[in-house]
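# A look at the structure
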Amino acid sequence: MDDKNIIKLLNKTDKTLLSLLKDGSLFSSEIEIKEGIERAAIINSARKMLSAGLIKIDRITDTKLRLTSLGRKYLEEGLPEYNIANLLKSNKNVDYKLLSANVSLDKNELNAAIGSLKKFSIIRIDEGKITANLDKLGDIEKKNNILSEIEEDKPVEYKEGLEDLIKRGIIERADEIKEEFSITNYGKNILNEKEFNSDYIDKLSTSQIKNWENLKFREYSRNPEIIDSLSGKMNIKSKFMSFIKDVMVSMGFKEMQSNYVESVFWNFDVMMFRQDHPDRDIQDTVYLNGELGKVPPKLLENVKKVYEKGFYVSKYNESTGYKRKFDDSKSNVLIMRGHTTATTFRYIYDLISKNKDKPVKFFSVDKGFRNETMDNTHLLELYQVEGVVYADNLTISDLIGYVREFYRKIGIEKIRLKPTYNPYTEPSLEIQAFSPKLKRWIEVGNSGMFRPETLKPFGIDKNIIAWGFGMERMLNLKLEMADIRSLYGAYTDIDLLRDLESAKIFGEI
Ligand code: PHE
């Protein structure tokens, strides 16, 4: 396509953006602020000009740190080692016992602090006696000050101390990815064309309609090359999702239908989460106003009974329950469901409990919502691959078989299973996969056999096995990405998402 024709396709925003880049590259946020152009419009225009070869987009990672909630606590109270060091200033020789009596720290915090003081040679311990090296106290003060520097967003050095604070969960990395736009040589040529400055009309006013013959209009391309490079393509996530659905169907599972909004009952109560379980906190769960239609009263009553008192069938089939009161006043409160297992339990109620002789296998690939801090392995919304199997005589080996078979079909071979805890399954297995990119094992799923306490209220005696796998983490492993956020929102790696070739990795089932 010749230059003049390209120019005719550019709208006002495109032209403004291109002119801005004349004097050097800019971050999208700078353009937003300088020109007051909305982010969505900038991205649209940048995409178009990227495809036409007028600009280049570089993604730059800014290393950032922030305090965790523990870090914020220490910001107020002082780092434990700092408090200990202060104590040692006035009291050069103390023993461990005296120390633990004088600082209000739990055992883990105290040990971590002492470990760190030892590591930095600030203290020595001989036969229970602690001796301080007072020359080094300045280092500890510096380390303590790091917390307020991070809080104020100042650039922070002092590497050794930082790693220690990260390991102990006091600070964490919260890298920011920025998009930097710059003009290409071709873009510069276009900018210098005389044509570039003529105004083409792309919105016609009433007065212009009367006199349109002499106006110059912006053109819209019907050139197949340009259309192909600009047109929408199926998102790689959607493709991966349909690939997973095909895998589940090939393994004999039927898809479940569900809603994002759930009640506390279906998300927590029915699964025997203790009513003081931290997952129920507003820090972890997104609460909404309003209430959903009532929980089936008989079921609520059964759940309450098992929660409070357990049940007795025989010596080998009994439970004491939690031996505490079940408060049903919150059961109808609305939340964004934290996991798709809420849906599994609706299916247990609607289908399995009403037809106990019929073996069934259900799955869903759908969203769960968590009030989390985003980082390179955590999202606020995540797709979960939920599976549930109901049949006679199921054992944990069946579960292991399904899990291994599923990951094999997806093409993730290097996995391992580790016993874990869930309030609603026993035994429970966490699934870990090795990430060559992050060079460590990461949790990719969780699974187990539903506890009898969760099935008793439905009158179900058979075993049910179930799981929830994280879809984005799976896709991350397949695409060898280091950051899960490349798939979503402002951090999206557009080049990758537009790359049809990468979808081919999903291969045949
Ligand atoms: N609901 C669990 C999660 O969110 C996954 C799971 C499903 C675990 C079913 C056991 C059984 O991680």
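These remarks concern the structure in this document. Owing to the predicted nature of the structure, the values given are computational and were not obtained by experimental measurement.

How each quantity is defined
- Residues numbered from 1 in each chain as written.
- Predicted model: local features only at pLDDT ≥ 70, side-chain atom pairs only at ≥ 80, totals over all residues.
- Heavy atoms only, no water.
- Near = heavy atom within 4 Å.
- Polar contact = N/O pair within 3.5 Å; in protein donor to acceptor, adjacent residues only side chain to side chain.
- Areas by Shrake-Rupley, 256 points an atom, 1.4 Å probe, with all protein chains shown as cover.
- Pairing = 2+ DSSP bridges.
- Helix = DSSP H or I, 4+ residues; strand = E, 2+ residues; numbered from the N terminus.
- Axes fitted to C-alpha atoms, helices over the stretch in contact; angles between N-to-C directions.
- Salt bridge = Lys/Arg side-chain N within 4 Å of Asp/Glu carboxyl O.
- Buried < 20%, exposed > 50% of the residue type's maximum accessible area, 1.4 Å probe, protein only.
- Contact = heavy atoms within 4.5 Å.
- Core = buried A, V, L, I, M, F, W, Y, C linked by side-chain atoms within 4.5 Å.
- Arc of directions from axis to C-beta.

### Considering the site of the ligand
As a structural note, the neighbourhood of the ligand is formed by 14 residues, with His339, Thr341, Arg370, Gln384 and Tyr424 the closest of them. A distance of 2.9 Å separates an oxygen atom of the ligand from a polar atom in the side chain of Arg370. In this structure, an oxygen atom belonging to the ligand sits 3.1 Å away from a side-chain N or O atom of Gln384. Contact with the protein chains covers 93% of the free accessible surface of the ligand, which is 320 Å².

### Remarks on the sheet that holds strand 14 (residues 333–336)
Here three strands make up an open sheet; going across it, the order is 10-14-11 and the pairing antiparallel. The open sheet is flanked by strand 10 (261–263) and strand 11 (287–291), the only strands paired with a single partner. If you compare each strand with its neighbour and ignore which way they point, the axes differ by 40° on average.

### Quick word on the pattern of salt bridges
Here the structure, examined in full by the defined rule, presents 26 salt bridges. Asp164 is the partner of Arg168 in a salt bridge, and the nearest nitrogen-oxygen pair spans 3.0 Å. Asp164 gets classed as buried once you look at its relative accessible area, which sits at 10%. Note that Lys456 is salt-bridged to Asp461, the shortest N-O span being 3.2 Å. By sharing partners, the salt bridges in this structure join Glu81, Lys143, Asp164 and Arg168 into a single network.

### Looking at the environment of Leu399
Of note, Leu399 is situated in helix 18 (residues 396–410). Among all residues touching Leu399, those that are not within four sequence positions of it are Leu429, Ser447, Gly448, Ile465, Ala466 and Trp467.

### Examining the nonpolar core
Inside soluble globular proteins, nonpolar side chains tend to come together where they are buried. Ile244, Val385, Phe406, Tyr407, Ile410, Phe469 and Met474 are the most contacted members of the largest nonpolar core, which totals 40 residues. Of all elements in the fold, only helix 14 (236–250), strand 15 (360–369), strand 16 (381–390), helix 18, strand 18 (425–435), strand 19 (440–450), strand 20 (464–470) and helix 20 (471–479) reach the threshold of two or more residues within this core. Per element, the largest residue contribution to this core is seven residues, and it comes from helix 14. Once you skip the residues sitting within four places of it in the chain, Tyr407 turns out to touch Ile412, Ile415, Ile431, Val444, Gly445, Phe469 and Met474. Residues Met272, Val295, Ala342 and Tyr424 belong to the second largest nonpolar core, which totals 35 residues.

### Topic: helix 11 (residues 185–192)
Of all the residues in helix 11, the buried ones are Gly187, Ile190 and Leu191. Viewed along the axis of helix 11, the buried residues span an arc of 100°, placing them on a single side of the element. Of the exposed residues in helix 11, the ones pointing more than 90 degrees away from its buried face are Asn185 and Asn192.

### Remarks on the environment of Glu381
Mapped onto the elements of the fold, Glu381 is located in strand 16. A residue is classified by how much of its surface remains accessible, and Glu381, at 32% relative accessible area, is partly exposed. Put simply, Glu381 and Tyr260 are 121 residues apart on the chain and 11 Å apart in space, counted from C-alpha to C-alpha. Not counting the four nearest positions on each side in its chain, Glu381 is found in contact with Lys367, Gly368, Phe369 and Glu472. A distance of 2.7 Å separates a polar atom in the side chain of Glu381 from a polar atom in the side chain of Lys367.

### Brief notes about the sheet that holds strand 9 (residues 254–255)
Taken together, seven strands build an open sheet; the order of strands is 9-15-16-20-19-18-17 and the sheet is mixed. At either margin of the open sheet sits one strand with a lone partner, and together these are strand 9 and strand 17 (415–422). Sheet analysis places strand 15 next to strand 16, joined by 10 bridges and oriented antiparallel. Paired with Asp366 across the two strands is Gln384, which belongs to strand 16.

### Notes on the pairing of strand 8 (residues 176–183)
With respect to burial, strand 8 is a largely interior element, six of its eight residues being buried. Here strand 1 (residues 26–27) pairs with strand 8 via two bridges, running antiparallel. Considered in strand 8, the bridge of Leu26 is made with Phe181. Where strand 2 (residues 55–62) lies against strand 8, eight bridges are found, and the strand directions are antiparallel. From the neighbouring strand, Ile55 faces strand 8, where its bridge partner is Ile183.

### Section: unusual backbone geometry
Residue Pro427 follows Glu426 across a cis peptide bond; omega there is -5°. Relative to the helices and strands, Pro427 resides in strand 18. Positive phi, close to 55°, is recorded for Lys323, a residue that is not glycine. Among the residues examined, Lys323 registers a relative accessible area of 65% and is labelled exposed.

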